[in-house]
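# Report on the structure
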Amino acid sequence: MSNQPVTTDGDPLAELGGRPVLLFDGVCNLCNRSVQEIIPRDPTGKIAFAPLQSEIGRALQERHGFDTDDLNTVILVEGNSVQTKSDAAIRVAELLGWPYAALVVARLVPRSVRNEIYDFVADNRYDWFGKKDQCMVPEEDVSDRFLE
């Protein structure tokens, strides 16, 4: 994982310089695969990652009022802005730039409908895609993008 010092005292984002952090279920195969798909599409490393189950992940969830035992959503933290579920996924696509940013048209679908679909997949992701016994360990060449 990352060698950069990140503390949960004070502001856990202080060392990031405002870089967005995507919190994901670290044992979910679908979630891990999604992160692995984002990495090569973000060659400059704009987006940092942390498992929801990690120390920093839990600290960020607590900071923003989330239940740290609820692992059914992806959370994107950008400074004081927090987005979850389909809003987070659309924002990540936007951050990746063209052609992925074209997915912003999904915002035309009402959030309630988008999130109902998101929740259906989240509720079934372990059955459909499986899960790991522990959080993924990133490859050394991208480990600086992962926070502990």
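Attention here is on the structure that accompanies the text. (Residues numbered from 1 in each chain as written. Predicted model: local features only at pLDDT ≥ 70, side-chain atom pairs only at ≥ 80, totals over all residues. Heavy atoms only, no water.)

Quick look at the overall build of the protein chain now. Along the backbone of the protein chain there are four helices and four strands. Listed by position from the N terminus, the elements making up the protein chain come as β-α-β-α-β-β-α-α. The proportion of buried residues among the 148 residues of the protein chain is 42%. Element-wise, carbon and sulfur atoms account for 51% of the exposed surface of the protein chain, whose accessible area totals about 8,100 Å². (Helix = DSSP H or I, 4+ residues; strand = E, 2+ residues; numbered from the N terminus. Buried < 20%, exposed > 50% of the residue type's maximum accessible area, 1.4 Å probe, protein only. Areas by Shrake-Rupley, 256 points an atom, 1.4 Å probe, with all protein chains shown as cover.)

Another point: the pairing of strand S4 (residues 81-84). With four bridges connecting them, strand S3 (residues 75-78) and S4 associate as antiparallel partners. Its bridge partner being in S4, Ile75 is matched across the sheet by Thr84. Adjacent in sequence and paired antiparallel, S3 and S4 are bridged by two residues, among which Gly79 carries a positive phi angle near 60°. (Pairing = 2+ DSSP bridges.)

This paragraph deals with the layout of surface pockets. Approximately 810 Å³ is the volume found for the largest pocket. Lining the largest pocket are 31 residues, with Ser34, Val74, Ala89, Ile90 and Tyr118 positioned closest to its centre. For the lining of the largest pocket, the secondary structure elements donating two or more residues are strand S1 (21-24), helix H1 (29-41), helix H3 (85-96) and helix H4 (111-129). For the lining of the largest pocket, the per-class residue count stands at 22 nonpolar, four polar and five charged. (1 Å grid on protein atoms, 1.4 Å probe; cavity = no way out; pocket = protein on both sides within 12 Å on 5 of 7 lines; lining within 4 Å. Points joined across faces, edges and corners; volume = space filled by probe spheres on them. Nonpolar A, V, L, I, M, F, W, Y, C, P; charged D, E, K, R; others polar.)

Before going further, it helps to examine the side chain of Gln83. Mapped onto the elements of the fold, Gln83 is located in strand S4. The contact partners of Gln83, leaving out residues within four places of it in the chain, are Val74, Ile75, Leu76, Glu78, Ala88 and Arg91. (Contact = heavy atoms within 4.5 Å.)

So, about a nonpolar patch on the surface. Together, Val109, Val113 and Ile117 give the surface a local cluster of nonpolar side chains, amounting to about 230 Å² of exposed area. Position of Val109 relative to the elements: it lies in the loop between H3 and H4. (Patch = residues over 30% accessible without salt bridge, like charges linked within 9 Å, V, L, I, M, F, W, Y side chains within 5 Å. Salt bridge = Lys/Arg side-chain N within 4 Å of Asp/Glu carboxyl O.)

Turning our attention to the packing of aromatic side chains. Throughout the structure, instances matching the rule amount to three aromatic pairs. Plain terms: the ring middles of Trp128 and Phe129 are 6.4 Å apart, the flat faces sit at 75° to each other, and that makes the pair edge-to-face. In this arrangement the basic side chain of Arg125 is found over the ring face of Tyr126, its NZ or CZ atom lying 4.4 Å from the centre. A cation over a ring is seen here: Lys131 above Tyr126, with NZ or CZ 4.6 Å from the ring centre. (Phe/Tyr/Trp six-rings, centres within 6.5 Å; stacked < 30°, edge-to-face > 60°. Lys NZ or Arg CZ within 6 Å of the ring centre and 35° of its normal.)

Attention now moves to helix H2 (residues 55-63). Looking at H2, one finds that the buried residues are Ile56, Gly57, Ala59, Leu60 and Gln61. The secondary structure elements touched by the buried residues of H2 are S1, strand S2 (48-51) and S3.

Of all hydrophobic cores here, the largest spans 17 residues; its most connected members are Leu22, Ile38, Ile47, Phe49, Val92 and Phe146. Secondary-structure elements contributing two or more residues to this core are S1, H1 and H3. Beyond its immediate sequence surroundings of up to four residues, Ile38 is in contact with Leu22, Ile47, Phe49, Val92 and Leu96. Counting residues in hydrophobic clusters, the runner-up holds ten residues, among them Val21, Leu52, Leu60 and Leu147. (Core = buried A, V, L, I, M, F, W, Y, C linked by side-chain atoms within 4.5 Å.)

From the geometry alone we can't say anything about function, so treat these as descriptive.
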